[in-house]
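In case you want the letters, here they are:
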Amino acid sequence: MKIVIRNNSSEGSLWAAHYIARKINEKAARTSEPFVLGLCTGSTPIETYAELIRMVKAGEVSFKNVISFNMDEYVGLPESHPESYHSFMHKNLFDHIDEPAENIHILNGNAADPVAECAAYEKAIVDAGGFDLFLGGVGEDGHIAFNEPFSSLKSRTRVVTLTYDTRVVNARFFDGDYTKVPAQALTVGVATVLSSKEVVILAFGHKKARALKDAIEGPISHYCTLSGLQDHPAGTIVCDELSVSELKVSSYRYFKAVEEAEGC
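Residues numbered from 1 in each chain as written. Predicted model: local features only at pLDDT ≥ 70, side-chain atom pairs only at ≥ 80, totals over all residues. Heavy atoms only, no water.

Participant: Explain the overall build of the protein here, please?
Facilitator: Regarding its fold elements, the protein presents eight helices and ten strands. For 264 residues, the compact-globule estimate of 2.2 N^0.38 gives 18 Å, and the C-alpha radius of gyration of the protein, at 17 Å, lies within 12% of that figure. Taken along the three principal axes of its C-alpha coordinates, the protein extends 50 × 45 × 35 Å. Long-range contacts, defined as pairs at least 24 residues apart, comprise 78% of the intrachain contacts of the protein with a sequence gap of at least 6. When the accessible surface of the protein is split by element, carbon and sulfur atoms take 53% of a total near 11600 Å². One way to put it: in the protein the 25 positive side-chain charges average out to a point 3 Å from where the 35 negative ones average out. (Helix = DSSP H or I, 4+ residues; strand = E, 2+ residues; numbered from the N terminus. Rg over C-alpha atoms; globule rule 2.2 N^0.38 Å. Contact = heavy atoms within 4.5 Å. Areas by Shrake-Rupley, 256 points an atom, 1.4 Å probe, with all protein chains shown as cover. Lys, Arg positive; Asp, Glu negative; His and termini not counted. Charge placed at Lys NZ, Arg CZ, Asp CG, Glu CD.)

Participant: What is the right way to read the pairing of strand 9 (residues 198–203) from this model?
Facilitator: The two faces of the sheet receive side chains in turn, since in a regular strand these alternate between them. Within strand 9, six of the six residues are buried, which leaves the element mostly enclosed by the surrounding structure. Side chains Glu 198, Val 200 and Leu 202 project from strand 9 onto one buried face, and the interleaved Val 199, Ile 201 and Ala 203 project onto a second face that is buried too. Direction of pairing for strand 6 (residues 133–137) relative to strand 9: parallel, over a ladder of five bridges. Its bridge partner being in strand 9, Gly 136 is matched across the sheet by Ile 201. In the classification by handedness, the crossover that spans strand 9, the intervening helix 7 (residues 209–217) and the parallel strand 10 (residues 235–240) is right-handed. (Buried < 20%, exposed > 50% of the residue type's maximum accessible area, 1.4 Å probe, protein only. Pairing = 2+ DSSP bridges. Right-handed = clockwise from strand over helix to strand, strands pointing away.)

Participant: What is the right way to read the packing of helix 1 (residues 9–30) against helix 2 (residues 46–57) from this model?
Facilitator: Packed helices, taken two at a time, are described by their axes: the angle between them and the distance between them. Orientation of helix 1 relative to helix 2, taken along the N-to-C sense of each, is 45°, at an axis distance of 8 Å. When the axes of helix 1 and helix 2 are compared, the pair comes out oblique. Like other packed secondary-structure pairs, helix 1 and helix 2 cross with a definite hand, here right-handed. Side by side, helix 1 and helix 2 meet where Ser 9, Ser 10, Ser 13, Leu 14, Ala 16, Ala 17, His 18, Ile 20 and Ala 21 of the first sit next to Glu 47, Thr 48, Glu 51, Leu 52, Arg 54 and Met 55 of the second. Looking at the contact of helix 1 with helix 2, its residues break down into seven nonpolar, five polar and three charged. (Axes fitted to C-alpha atoms, helices over the stretch in contact; angles between N-to-C directions. Parallel < 35°, antiparallel > 145°, perpendicular 65-115°, else oblique. Left-handed = near helix turned anticlockwise from the far one by under 90°. Nonpolar A, V, L, I, M, F, W, Y, C, P; charged D, E, K, R; others polar.)

Participant: Explain the pattern of salt bridges here, please?
Facilitator: Two side chains carrying opposite charge are able to pair once their charged atoms lie near each other. A complete count under the given rule lists 15 salt bridges for this structure. Arg 210 serves as the salt-bridge partner of Asp 214, at 3.9 Å between the closest nitrogen and oxygen. With a gap of four residues between them, Asp 214 and Arg 210 both fall in helix 7, about one helical turn apart. On the basis of relative accessibility, which here comes to 37%, the residue Arg 210 falls in the partly exposed class. Salt bridges here are not isolated pairs; linked through shared partners, they connect Arg 22, Lys 23, Glu 26 and Glu 198. (Salt bridge = Lys/Arg side-chain N within 4 Å of Asp/Glu carboxyl O.)

Participant: Please clarify how helix 8 (residues 249–262) should be interpreted in this entry.
Facilitator: For helix 8, with 14 residues, the first-to-last C-alpha span of 20 Å sits near the 20 Å given by 1.5 Å per residue. Among all positions of helix 8, only Ser 251, Phe 255 and Glu 259 are buried. Looking down the long axis of helix 8, one finds its buried residues gathered within 70° of arc, a one-sided arrangement. More than 90 degrees from the buried face of helix 8, the exposed residues found are Val 249, Ser 250, Arg 253, Tyr 254, Glu 260 and Ala 261. The elements touched by buried residues of helix 8 are strand 1 (2–6) and helix 7. A positive backbone phi angle near 65° is found at Gly 263, which sits one or two residues after helix 8. (Expected span 1.5 Å × (residues − 1). Arc of directions from axis to C-beta.)

Participant: Hey, could you run me through the sheet that holds strand 1 in this one?
Facilitator: Within a sheet, adjacent strands bond to each other through the backbone by hydrogen bonds, running parallel or antiparallel. Spatially, 1-10-9-6-2-3-5 is the arrangement adopted by the seven strands of the open sheet, whose pairing is parallel. The open sheet is flanked by strand 1 and strand 5 (104–105), the only strands paired with a single partner. As paired elements, strand 2 (residues 35–39) and strand 6 share two bridges and run parallel to each other. Within strand 6, the position partnered with Leu 37 by the bridge is Leu 133.

Participant: What exactly am I supposed to notice about the environment of Pro 114 here?
Facilitator: Position of Pro 114 relative to the elements: it lies in helix 4 (residues 114–127). On the accessibility criterion, Pro 114 (28% relative accessible area) is partly exposed. The sequence separation of Pro 114 and Ile 24 amounts to 90 residues, and the corresponding C-alpha distance is 32 Å. When residues no more than four places from it in sequence are discounted, the contact partners of Pro 114 are Val 159 and Leu 186.

If you want it as structure tokens, here you go:
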């Protein structure tokens, strides 16, 4: 596991955007096969998406040969709802870049058969060739996507029930009222994410400090689903000084020394 520590969330967000763009460009230089990218929502990736938009408009990267799959969507929320993940992604990324509409994949939270929708989504990822890179965030309790504590580390795309804590955290997007947050969601599984060739997780702010301590220094456990990244051959957590505040000093020094040696 690689830990990239930046002074603040803005620096971390820029690092992630430039890393993703470099990976897209590197694959484009060696093959005509599409770059398959996993994407997340929430407030954490907004600055990364803004930088990717700038880079596309500046001609520094293109999404014309990128196929993307979003990690989750609420159940029962209309796609046109301002807080649906369909709306979020179009507002914060897709409407501003050159990715073809047919290459954009987001789970249908209003599918007549949610179980079949999840199975088809998982198959579509495989048919696309699997993820080259998955960009994700982490919840305050250490969950990735909507794989909340005690989700199986072998889980795949499925229907999940959201905990009270997650609905409270997300209430800030729903007028502060957690009861307006849908009680269920469709989400890729932990194994879906960890099947990616590379995983990049963004974690910023002091509220993520406990999650990072558990994920980095704790055991691999379904209690903290991000901890599964310890077993990944190319997993990276991009964080800021606030989010690593609970790491041991020796851990912090180790990761900073690796950064310096590798010129990250």
